[in-house]
2 protein chains.
Amino acid sequence: MKKSLGPKPIAYPAPVFVIGTYDFEDKPNIMTVAWAGICCSRPPCMAVSIREATYSYGNINRTKAFTVNIPSSSQVKEADYAGTVSGKNIDKFEAAGLTPVRSEIVNAPYVGEFPLVLECECTHSLIVGLHTLFVGEIKDVKADESILDQGKIDLAKLSPLVFAPELRQYFEVGRFVGKAFSIGKSL
Amino acid sequence: MKKSLGPKPIAYPAPVFVIGTYDFEDKPNIMTVAWAGICCSRPPCMAVSIREATYSYGNINRTKAFTVNIPSSSQVKEADYAGTVSGKNIDKFEAAGLTPVRSEIVNAPYVGEFPLVLECECTHSLIVGLHTLFVGEIKDVKADESILDQGKIDLAKLSPLVFAPELRQYFEVGRFVGKAFSIGKSL
């Protein structure tokens, strides 16, 4: 018997992505989001939902570009910080001790210290409610050599964060469970 | 120095959600997706991206409803299976030994055995490319009592799956890292 919890934005796992943008003065900004994920394979696209009240919202509307920066679990403080203050009055890169790197592909900065970066050109936006969903076409994926194994991303080396919405907690990724498109074939 | 991997649909973590729908004959179907996530807090909404070629795509277009069923890691075989075959010719509920339960709120079935269910009414769709993004307003969240702790979801008891896109692997959620909107305040 299932218990009704009411209508809530609850689903697991949620990601921890740090969105890089430029403001109207070309000042780099970052903002942490959990309402996001890949939304298309061809072309590869990322969906990122942001409230209109945020500084990043205006930035993306203006530049039509953003980066998706994936921190390692060892960078949880920097990632969390970027989700707790507004970039309107603060240089969050500087405050968090992070380096903005100008993308050569899209009009947005990425975080030099974070191991995995997606450079996105905003192609669509959809007002859903409090949040507006921005679709960004992924123009390139850039990874630190340290997280690669034979050219592919080693999840253990990347060690991305997992966000649990209701209790607002961060976790690491854990034990390997099985191969996709394979482990279910026995049924 | 970062290495360019080219434009790819790669981001971590990705979820493992099993989408429940009814077909034109009211036959229940399930399909596993990873390109999905919460996309709005008010009203609470879920974005799910699905290829037009799938059986579920036609079902959602017709019924304007779907459920998002979150399996436990112990149900990885059932979840994986539902992503490897089409519901056009097979009753995937029956083949996977799962029970379709008719939602009383939306026109879609949910998976009786999976511990967490979101009942969604489709409010928007957006053709992104190969995938179409469906937005579903979450009308209710239902959870097994066994995963609740004082009325809230205990992530360890739910034990959701994490999908790693590039290497196509499933993982569990691991070690607790810190409290969100808190651990970064020291910066």
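Reading the values: the criteria
Within each chain, residues carry numbers counting from 1 in the order of the written sequence. Labels are handed out in written order, letters beginning with A for the chains and numbers beginning with 1 for the ligands. Since the coordinates come from a predicted model, pLDDT governs what is reported: local features require at least 70, and pairs of side-chain atoms require 80 or more to be given and counted, while whole-chain, interface and lining totals use all residues. Residue pairs are scored as contacts if the distance between their C-beta atoms, which are placed from the backbone, is within 7 Å. Helix numbering and strand numbering both begin at the N terminus, where a helix is a DSSP run of H or I of at least 4 residues and a strand a DSSP run of E of at least 2. Each residue is assigned to one class: nonpolar for Ala, Val, Leu, Ile, Met, Phe, Trp, Tyr, Cys and Pro, charged for Asp, Glu, Lys and Arg, and polar for all the others, Gly among them. Here the copies are superposed with least squares, the fitted atoms being C-alpha atoms of residues at a pLDDT of at least 70 in both. Backbone-placed C-beta atoms define the burial measure: a residue is buried with 20 or more other C-beta atoms within 10 Å of its own, exposed with 12 or fewer, and partly exposed in between. Here, a strand pair is defined by DSSP locating no fewer than two bridges between the strands.

(A) Seen up close, the interface of chain A and chain B. Contacts between the two partners involve 89 residues from chain A, matched on the other side by 89 residues from chain B. The element contributing the most residues to the side of chain A that touches chain B is strand E15 (residues 169-179) of chain A, with 11 residues. Class assignment for the residues of the side of chain A that touches chain B results in 54 nonpolar, 16 polar and 19 charged.

(B) Here's a closer look at the relation of the copies chain A and chain B. Taken as rigid bodies, chain A and chain B are interconverted by a rotation of 180° and an axial shift of 0.0 Å, the fit giving an RMSD of 0.0 Å. Put plainly, the chains are arranged around a two-fold axis. Within chain A, Gly174 of chain A has its C-alpha nearest the rotation axis, a separation of 1.8 Å. When the interface residues of chain A are mapped onto chain B, 100% of them again fall at the interface, so both copies present the same face.

(C) Representation of the pairing of strand E4 (residues 28-33) of chain B. Residue and element names in this part refer to chain B. When you tally the buried positions in E4, you get six out of six residues, the bulk of the element. The alternating pattern of E4 places Pro28, Ile30 and Thr32 on one face and Asn29, Met31 and Val33 on the opposite face, and all of these are buried. With six bridges connecting them, strand E3 (residues 17-22) and E4 associate as antiparallel partners. Looking at E4, one finds that Gly20 is bridged to Ile30. In this structure, the hairpin formed by E3 and E4 is closed by a connection of five residues, where Asp26 is found at a positive phi of approximately 70°.

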